[in-house]
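Examination of the molecular architecture
Listed below are the residues making up each chain.
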Amino acid sequence: MQNTYQIATLANKEDKTSLSFLSERVAKQTVKFHSSFKEYEPTPLHRLKGLAEYLGVKDIFLKDESFRFGLNAFKVLGGSYAVVKYIADKLGKTVDELPYEVLISEETRKEIGELTFVTATDGNHGRGIAWTANKLKQKAVVFMPKGSTQERAENIRAENATCEILEGNYDDCVRYANQMAEEKGWIMVQDTAWEGYEDIPTWIMQGYLTMAYEAYLQLTLAATKPTHVFLQAGVGSMASAVTGFFASIYEDERPIVTIVEPNKADCLFRSAKSGGITFVTGSMETIMAGLACGEPCTIGWDVIRSYTKHFLSVPDSAAAHGMRILGNPIKGDPDIISGESGAVTMGVVSQLMYRDDLKEIKEEIGLNEDSIILCISTEGNTDALRYRELVWNGLYPNDENLKK
Ligand SMILES: Cc1ncc(COP(=O)(O)O)c(C=O)c1O
């Protein structure tokens, strides 16, 4: 069934995977590395008091990743950390020995030689890799799936990268990028893992801990902790990093995590239902470009199956709803520009709270007047034209009017 809300819920697991690679100790390391960038600043965590009152929950917090390094999305955190880990390994150094100024220096460039990083992307990850490679004066080659918009490709080319839109879907692009890496001796920096390709995806997940750790510190400063966290997923690397970190830091008091995916690319929802990694194949047409991935990250899945409770497969309208409510807030709340993949969790929370037909799902997740909710707006208007078409005119990509 498509275009509806569906829920899958996992029973508590005894055989939980280790979280040592997503611990506070690692998070402190990634924050230290990212803090050495002159662009670094923690992104805001907004308390949406008006919306919480309106929806009938205790509190709503929203972390706004549109402010990340001027790149309008969180993804650069993972790519940049993976690149520094790769270079540190190659040079036999530690990440601590390679803060930003050293990393981009001519000496490091000479020591490491010429590199080409290659990746597949729906947009944000590739832009992060291109941005990092550009800072290092190294090359980046980026492949995007069919249907990717020119604006997203141009943002990548603006970082001096080669960017090509291919005929296949996201997972086809991943395979193609890997093939090119093998043929040409390029370095594949992919935000998903499979057997035999695990180091770089692990480092990417660890890079996302900077975001999770900031949120934890900001919540602690506000003298609170979330009861419910909603995380959007493509391959699930980001969701598993945040889930793993919160499980590690909050231990027995960890929040209930719900993973949110588009109906057309709900590979984690299907994996939860079937009890093992399950793929979605073919074209995955959704307005949530960043979440249009059909093959879960294997390392991420281990964390998710151990520590996540619920999985929601949701229609595109939930994302459009989220974009509108965040951009048109209740008086007193800030207005937040949130893109399709960024806004979907807030749209879901809102619809669960007010729609009668979703009451059973709301109750299964346990949302009520005592709930303290955390969502992450993982991107701003990374495609400004599409953002306007959706928010101003209510048009969807398949809408004939959008093609005019
Ligand atoms: C804006 C945005 N949010 C969320 C995600 C999901 O991240 P992951 O693929 O690690 O699940 C992506 C992935 O590209 C994204 O671009």
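Residues numbered from 1 in each chain as written. Predicted model: local features only at pLDDT ≥ 70, side-chain atom pairs only at ≥ 80, totals over all residues. Heavy atoms only, no water.

With that settled, the discussion passes to the confidence of the model for the protein chain. In this model, the protein chain carries an average pLDDT of 95, and 98% of its residues clear a pLDDT of 70 or more. For the protein chain, helix α17 (residues 384-393) is the element with the lowest average pLDDT, namely 94, and strand β11 (residues 372-377) is the one with the highest, namely 99. (pLDDT = per-residue confidence, 0-100. Helix = DSSP H or I, 4+ residues; strand = E, 2+ residues; numbered from the N terminus.)

A water-sized probe, rolled over the atoms, reveals where empty space remains. In this structure, the largest pocket occupies an estimated 740 Å³ of space. Lining the largest pocket are 30 residues, and of these Lys 146, Gly 147, Met 284, Glu 285 and Thr 286 lie nearest its centre. Taken together, the residues of the lining of the largest pocket break down into 9 nonpolar, 12 polar and 9 charged. In this structure, the second largest pocket occupies an estimated 210 Å³ of space. Along the walls of the second largest pocket sit 14 residues, with Arg 175, Ala 193, Trp 194, Phe 279 and Glu 295 positioned nearest its centre. Across the lining of the second largest pocket, the residue classes break down as 8 nonpolar, 3 polar and 3 charged. (1 Å grid on protein atoms, 1.4 Å probe; cavity = no way out; pocket = protein on both sides within 12 Å on 5 of 7 lines; lining within 4 Å. Points joined across faces, edges and corners; volume = space filled by probe spheres on them. Nonpolar A, V, L, I, M, F, W, Y, C, P; charged D, E, K, R; others polar.)

This part takes up the site of the ligand. Around the ligand there are 15 residues in total, and Asn 124, Gly 234, Gly 236, Met 238 and Thr 378 lie nearest to it. One of the backbone nitrogen or oxygen atoms of Gly 234 is found 2.7 Å away from an oxygen atom of the ligand. Protein contact buries 98% of the 380 Å² of open area that the ligand shows by itself. For the ligand, the cavity whose grid points lie within 2 Å of the majority of its atoms is the largest cavity. Split into classes, the residues belonging to the shell around the ligand amount to 5 nonpolar, 8 polar and 2 charged. (Near = heavy atom within 4 Å. Polar contact = N/O pair within 3.5 Å; in protein donor to acceptor, adjacent residues only side chain to side chain. Areas by Shrake-Rupley, 256 points an atom, 1.4 Å probe, with all protein chains shown as cover. Sits in = over half its atoms within 2 Å of the grid points.)

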